[in-house]
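What follows is each chain in one-letter form.
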Amino acid sequence: MPARPRLDAANPPDISALGRRGAWPDGNSWGSMTDLSRRYDVLVVGGGNAALCAAIAARRAGASVLVLEAAPKFYRGGNTRHTRNMRCAHDSATETLSGPYTEEEFFDDLLRVTGGRTDEDLARLMIAESKEVLDWIQAQGVRFQPSLGGTLSLGRTNSFFLGGGRAMLNALYLTAERLGVAVRYEAEVVGLDIADGMFLAATVRTEGREHRVEADMLITACGGFEANIEWLKQGWGEAAENFLIRGTPYNRGTVLRMLLDAGVQPIGDPTQCHAVAIDARAPKFDGGIITRLDCVVFGIVVNRDGQRFYDEGEDIWPKRYAIWGRLVAQQPGQIAYIVFDAPALTQFMPSLYPPITADSIRALAEKLDLDPRALEATVARFNAAVRPGTFDHTILDDCRTEGLDPPKTHWARRIETPPFHAYPVRPGITFTYLGVRVDREARMVMADGTRAANMFAAGEIMAGNVLGQGYAAGIGMTIGSVFGRIAGRAAAAELHRRRNARRDAA
Amino acid sequence: MTLHTPPGHASAPLAEADRLMTVCNSCRYCEGLCAVFPAMEMRRSFADGDLNYLANLCHACGACYVDCQFAPPHAFQVNVPQTLAAVRADSYRRYAWPAALAPIFDRNGLWIALIAALAVAAFIAGFVAWNDAAVLFGTHTGPGAFYRLMPHDAMVAVFGAAFLYAILALAMGLRAFWRDIGEPAATLAEPASLWQAVKDAATLRNLDGGGVGCYGADERPTDNRRLYHHFTFYGFLLCFAATSVATLHHYGLGRIAPYPWWDLPVVLGTVGGIGLLIGPAGLLAAKWTRDPALRDDARFGMDAAFLAMLFLTSLTGLLLLMLRATPAMGMLLALHLGVVFAFFLTMPYGRFVHGLYRFAALVRYAKERRQMAEAPAGSA
């Protein structure tokens, strides 16, 4: 076994070797097959933004690091694949950000979207660190661009990844690889050996075999359980069978389950998930951004019985975006149909699937397999209730219905100009809220309130600490990058402390 | 899966490009990478002309494939560079003038090799037929050395005709492209759009993967195609400049070729010629090692033939320069002239046209982008 490098914050590895070919003095080389039989300082479970930030931070602080990603290489990174921006506080405009976004404003936004369900201490820490992370993440090769077309409202607060989340991941992996971080794909952690809050080893299944992998520190950054339908059923019952999962099938929550079973303190509502209404024709998994629909405001939404069930004009994006998944989940068969007429067709972002189209409401109902009379009656009742107003979908305008239940309180226009269009929608699950409690070091907190000896968590698996409910665009990536970096640094620092203590004792 | 079914398109690659643009237009993560995606966002539906425009705007850097969360093996099977490469190559055939010669694009490598071989053979045969063996294999130096083997006026007549024909055929192709994409002719005369396109083309701004470089063998942006293309393009320009200066020397100053090594035409031609050796060789090597997912292998012959012609034009020219004072000059001159003649003739029927259509697409894009910037916000 090669000699270990002296681990000392004052004596980090020679980062000047970045980009050059070769091997690190501690025996980590890149390009070669990862060795699962050797012992690593830090084991990172997961392969997304949080995991890579943790791995890079720990590696830069002198630790040897192994990353275990359950997915194949193409699907690496879980939900990070589908992201496009992160929300970081900044004091002034930059090349890609149109204006300042103060820590205070960020905190206010967080309070608003979570309804106060956040750990203020951790939230303020995250926001303060996000400033530095904006530069740090770029130093790891991630590139930004001005806000994407159709998302101009986020141009001041959110930094958009040039090329999207997969481009961001590619950059992080290249940096990790150059630093000598060992990465293994299709390596699922199926068992954790934990004794009294002390991680000893993980059981890893890869290429049909199981390996016992020991490490001094454990960082779990492997997401939630949104792809685990059976687990979702615990909160949603059989309705979960009809949910579509927006990310990869690999976010099954296996490690989260094992941690909770090992006595780590849970945080976040175990039944809740972030659900948006997406095109019902989307594949079961990994449909990503392109199956989302944001046209609820332009028409009415009916259920399987052809009946409206909620005020389509309640609020502007993005709030309305996040409530419709839940609303559709509560309807029979977990399906609904957004119905609108010809003038609205070009007023929103195009999506993957074309709308279902017919020349009359009756014919549309037939195509949708709805009761034609019920849909005709619903549309007629709605049209009769629409009051005159000036339509403007960018503000809460004065177009509303009167004497209708439920009402449409804004953007109500008669559905009268053929051809008529409809999009079938189902709940699309983005992420889950249940996670493990952590402290300011991203160190796991045990059920009895003590700190775990050597276990840290970052990203979605601990997002519930700061995001008790709701969502704000880009905040998942902030949680991942900030707590990933904190976890990586903290794990390396803990390693230094122990080694130095042992040396002093000897 | 019931993906968006494209309406009638002229070919399978066009139908696939339509499907992809619909996917991409509902994602838009790649809009910062190059000109293709912003141009796409200005449209909601994609007719053949739109797709041919986008395909010729694409510089094939590969970044959007490497960055795409829906690339194969994902069920959505999004591979924009490869699909647009196929559409682009088909568009060359579609715009060929006269249309009867369009089939040259089908087996382009073979055709160009044949034409080149025939042209070289014709020049050698001509040199042999018109010249005494003593002259053909003699040593000639001083002004007019070349013209003892082929009279200057004959050279001007043959190459002038070939060049003018190429210009005519290229212009007709450009006209067909411009009509197909539905852009008014006046756009090609807008100074602001032209200047922007010149800058974009001169720097290959759209071949840098949005800043890191373009992609070759894998997800590492280490490809040097932009550098090699610069060698090729500027080498070609220098060679063209050498010929132009020589023409001025001849008619303006009455100075007759061959010129001494320090004279401007020779210096320009030598430097350009070296570029035309390094560039095409590098581009060909890059093509070979590129990730097959990014290649349009069906058109390998077309690309290789064009690169080979550039390389041979330069190689024969440099050899002629080096050996012009030896008895080998006669045959080398025939060889060089044969290759250059074939190059002129095949310009409108090979990969050369990419520069023309791509530049024209950049002109249109410059105009569209300016219009977008001037339009009031939210009116898109």
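Residues numbered from 1 in each chain as written. Chains lettered and ligands numbered in written order. Predicted model: local features only at pLDDT ≥ 70, side-chain atom pairs only at ≥ 80, totals over all residues. Heavy atoms only, no water.

Draft legend 1. Local environment of the overall build of chain B. A tally of helices and strands in chain B yields 14 helices and zero strands. Its helices and strands taken in sequence order, chain B reads α-α-α-α-α-α-α-α-α-α-α-α-α-α from the N to the C terminus. At 23 Å, chain B has a C-alpha radius of gyration in line with the 21 Å of a compact globule built from 380 residues. Referenced to the eigenvectors of the C-alpha coordinate spread, the extents of chain B come out at roughly 75 × 40 × 40 Å. A buried classification covers 51% of the 380 residues belonging to chain B. Sequence separation of at least 24 residues holds for 74% of the intrachain contacts in chain B that already meet a minimum separation of 6. About 16,100 Å² of surface is accessible on chain B, with carbon and sulfur atoms providing 70% of the total. On chain B, the mean spot of the 28 positive side-chain charges and the mean spot of the 26 negative ones are 3 Å from each other. (Helix = DSSP H or I, 4+ residues; strand = E, 2+ residues; numbered from the N terminus. Rg over C-alpha atoms; globule rule 2.2 N^0.38 Å. Buried < 20%, exposed > 50% of the residue type's maximum accessible area, 1.4 Å probe, protein only. Contact = heavy atoms within 4.5 Å. Areas by Shrake-Rupley, 256 points an atom, 1.4 Å probe, with all protein chains shown as cover. Lys, Arg positive; Asp, Glu negative; His and termini not counted. Charge placed at Lys NZ, Arg CZ, Asp CG, Glu CD.)

Draft legend 2. Broad picture of the packing of aromatic side chains. Residue and element names in this part refer to chain A. Enumeration over the complete set of coordinates arrives at 37 aromatic pairs over all chains. Ring centres of Y310 and W324 lie 5.7 Å apart, and the angle between their planes is 90 degrees; on these two criteria the pair is classed as edge-to-face. One end of the pair, Y310, is in the loop between strand 13 (300-303) and helix 7 (319-329); the other, W324, is in helix 7, and 14 residues separate them in sequence. Here Y310 falls in the partly exposed class, since its relative accessible area comes to 25%. Plain terms: the ring middles of F348 and Y423 are 6.2 Å apart, the flat faces sit at 75 degrees to each other, and that makes the pair edge-to-face. Within this pair, whereas F348 is found in the loop between strand 14 (336-341) and strand 15 (356-358), its partner Y423 is found in strand 16 (residues 420-432), the two being separated by 75 residues in sequence. The exposure class of Y423 is buried, given its relative accessible area of 4%. (Phe/Tyr/Trp six-rings, centres within 6.5 Å; stacked < 30°, edge-to-face > 60°.)

Draft legend 3. The side chain of R88(B), seen in detail. Residue and element names in this part refer to chain B. One can find R88 in helix 5 (residues 80-95). As a buried residue without a salt bridge, R88 has its nearest oppositely charged side chain in D296, at a separation of 7.0 Å. In contact with R88, other than residues within four places in its own chain, are A55, N56, C58, A60 and R358. (Salt bridge = Lys/Arg side-chain N within 4 Å of Asp/Glu carboxyl O.)

Draft legend 4. Structural view of the nonpolar core. Formed by 114 residues in total, the largest nonpolar core has its most connected members in F37(B), L57(B), V78(B), V80(B), F127(B) and F177(B). At 11 residues, the largest contribution of residues to this core is made by helix 13 (residues 329-346) of chain B. Of the domains in this structure, domain 1 (78-180 + 221-272 + 433-503) and domain 2 (275-428) of chain A are the two that each give at least three residues to this core. With 112 residues, the next largest nonpolar core counts V44(A), F106(A), L179(A) and I194(A) among its residues. (Core = buried A, V, L, I, M, F, W, Y, C linked by side-chain atoms within 4.5 Å. Domains from an automatic or database assignment.)

Draft legend 5. Representation of the domain arrangement of chain A. All names here are of chain A. Structurally, chain A comprises domain 1 (78-180 + 221-272 + 433-503) and domain 2 (275-428). A C-alpha centroid distance of 32 Å is found between domain 1 and domain 2. On the domain 2 side, the residues contacting the 20 residues of domain 1 number 22 residues. In total, about 1,900 Å² of surface goes out of reach between domain 1 and domain 2, with carbon and sulfur atoms giving 56% of it. A per-residue breakdown of the area domain 1 buries against domain 2 is headed by N242, L244 and R246, which together make up 41% of the total. For the interface between domain 1 and domain 2, the tally reads one salt bridge. At the junction of domain 1 with domain 2, the criterion picks out 13 residue pairs in polar contact (both at pLDDT 80 or more). Put simply, the parts of the chain that give the side of domain 1 that touches domain 2 at least two residues each are helix 5 (229-236) and strand 10 (244-245). (Buried area = accessible area lost by both parts, 1.4 Å probe. Polar contact = N/O pair within 3.5 Å; in protein donor to acceptor, adjacent residues only side chain to side chain.)

Draft legend 6. Quick peek at the interface of chain B and chain A. Each side of the interface is counted separately: chain B has 34 residues, and chain A has 41 residues. Carbon and sulfur atoms make up 56% of the surface buried where chain B meets chain A, a total of about 3,000 Å² over both sides. Interface area lost by chain B to chain A is led by S26(B), Y29(B) and R44(B), which between them contribute 26%. Linking E219(B) and K73(A) is a salt bridge whose minimum nitrogen-to-oxygen distance equals 3.1 Å. At the boundary of chain B and chain A, one finds 18 residue pairs in polar contact (both at pLDDT 80 or more). Those elements giving two or more residues to the side of chain B that touches chain A turn out to be helix 1 (12-25) and helix 4 (63-67) of chain B. The residue inventory of the side of chain B that touches chain A, partitioned by class, reads 16 nonpolar, 11 polar and seven charged. (Nonpolar A, V, L, I, M, F, W, Y, C, P; charged D, E, K, R; others polar.)

Draft legend 7. Representation of empty space enclosed by the protein. Residues and elements named next belong to chain B. Taken as a whole, this structure holds seven cavities of 30 Å³ or more when the rule is applied. Approximately 120 Å³ is the volume attributed to the largest cavity. Around the largest cavity, the lining comprises 14 residues; the ones closest to its centre are C24, C27, C30, F37 and C68. Going through the elements one at a time, helix 1 and helix 2 (36-41) are the ones with two or more residues in the lining of the largest cavity. For the lining of the largest cavity, the residue count by class is 12 nonpolar, one polar and one charged. Elements supplying a minimum of two residues to the lining of the second largest cavity: helix 2, helix 4 and helix 5. Broken down by class, the residue content of the lining of the second largest cavity amounts to 11 nonpolar, three polar and no charged. (1 Å grid on protein atoms, 1.4 Å probe; cavity = no way out; pocket = protein on both sides within 12 Å on 5 of 7 lines; lining within 4 Å. Points joined across faces, edges and corners; volume = space filled by probe spheres on them.)

Draft legend 8. A nonpolar patch on the surface, seen in detail. Residues and elements named next belong to chain B. Together, L227, F231, I274 and I278 give the surface a local cluster of nonpolar side chains, amounting to about 320 Å² of exposed area. Secondary structure elements with two or more residues in the nonpolar patch: helix 10 (225-253) and helix 11 (264-289). Relative to the helices and strands, I274 is located in helix 11. Residue classification places I274 among the partly exposed residues on the basis of a relative accessible area of 42%. (Patch = residues over 30% accessible without salt bridge, like charges linked within 9 Å, V, L, I, M, F, W, Y side chains within 5 Å.)

Draft legend 9. Here's a closer look at the confidence of the model for chain A. Averaged over every residue, the pLDDT of chain A is 91; residues scoring 70 or more account for 92%. Every residue in residues 1-32 of chain A is under pLDDT 50, and counting partners more than four places away or in other chains gives 60 contacts. (pLDDT = per-residue confidence, 0-100.)

Draft legend 10. Region of the structure containing the sheet that holds strand 4 (residues 144-145) of chain A. All names here are of chain A. Spatially, 3-5-4 is the arrangement adopted by the three strands of the open sheet, whose pairing is antiparallel. The strands lining the two open edges of the sheet, one partner per strand, are strand 3 (85-87) and strand 4. Here strand 3 runs beside strand 5 (residues 158-161); their pairing, made up of three bridges, is antiparallel. Residue pairing in the sheet places N85 in a bridge with F160 of strand 5. (Pairing = 2+ DSSP bridges.)

Draft legend 11. View of the packing of helix 1 (residues 49-60) of chain A against helix 10 (residues 475-505) of chain A. Residue and element names in this part refer to chain A. The N-to-C vectors of helix 1 and helix 10 enclose an angle of 30 degrees; their axes lie 7 Å apart at closest approach. Between helix 1 and helix 10, the angle falls in the class roughly parallel. Along this stretch, helix 1 crosses helix 10, giving a crossing that reads as right-handed. Of the residues in helix 10, those touching helix 1 at N49, A50, C53, A54, A57 and A58 are M477, G480, S481, G484, R485, G488, R489 and A492. (Axes fitted to C-alpha atoms, helices over the stretch in contact; angles between N-to-C directions. Parallel < 35°, antiparallel > 145°, perpendicular 65-115°, else oblique. Left-handed = near helix turned anticlockwise from the far one by under 90°.)

Draft legend 12. Layout of the packing of helix 3 (residues 48-57) of chain B against helix 14 (residues 353-374) of chain B. All names here are of chain B. Close contact between helix 3 and helix 14 brings their axes to 8 Å; oriented N to C, the two are set at 105 degrees. As the angle between them shows, helix 3 and helix 14 are arranged roughly perpendicular. For the pair formed by helix 3 and helix 14, the contact residues are Y53, N56 and L57 on the first element and Y357, R358, A361, L362, R364, Y365 and E368 on the second. Residues that form the contact of helix 3 with helix 14 fall into these classes: six nonpolar, one polar and three charged.

Draft legend 13. Spatial organisation of the pairing of strand 13 of chain A. Residues and elements named next belong to chain A. Going residue by residue along strand 13, you find I300 and V302 tucked away on one face and V301 and N303 tucked away on the opposite face as well. In terms of strand pairing, strand 13 meets strand 14 through four bridges, oriented antiparallel. Residue V302 lies in a different strand from strand 14, and its bridge partner there is Y337.

Draft legend 14. Here's a closer look at the pattern of salt bridges. Residue and element names in this part refer to chain A. One pass over the full model with this rule turns up 56 salt bridges over all chains. Among the ionic pairs, R281 bridges to D279, the shortest N-O distance being 2.9 Å. One salt-bridge network, in which partners are shared between bridges, spans R39, D41, D193, R212, E214, D216 and R499.

Draft legend 15. Representation of helix 1 of chain B. Residues and elements named next belong to chain B. With 14 residues, helix 1 should cover 20 Å at 1.5 Å per step; its first-to-last C-alpha distance of 20 Å lies within 8% of that length. With 10 of 14 residues buried, helix 1 lies mostly within the body of the structure. The inward-facing, buried residues of helix 1 contact helix 2, helix 3 and helix 5. (Expected span 1.5 Å × (residues − 1).)

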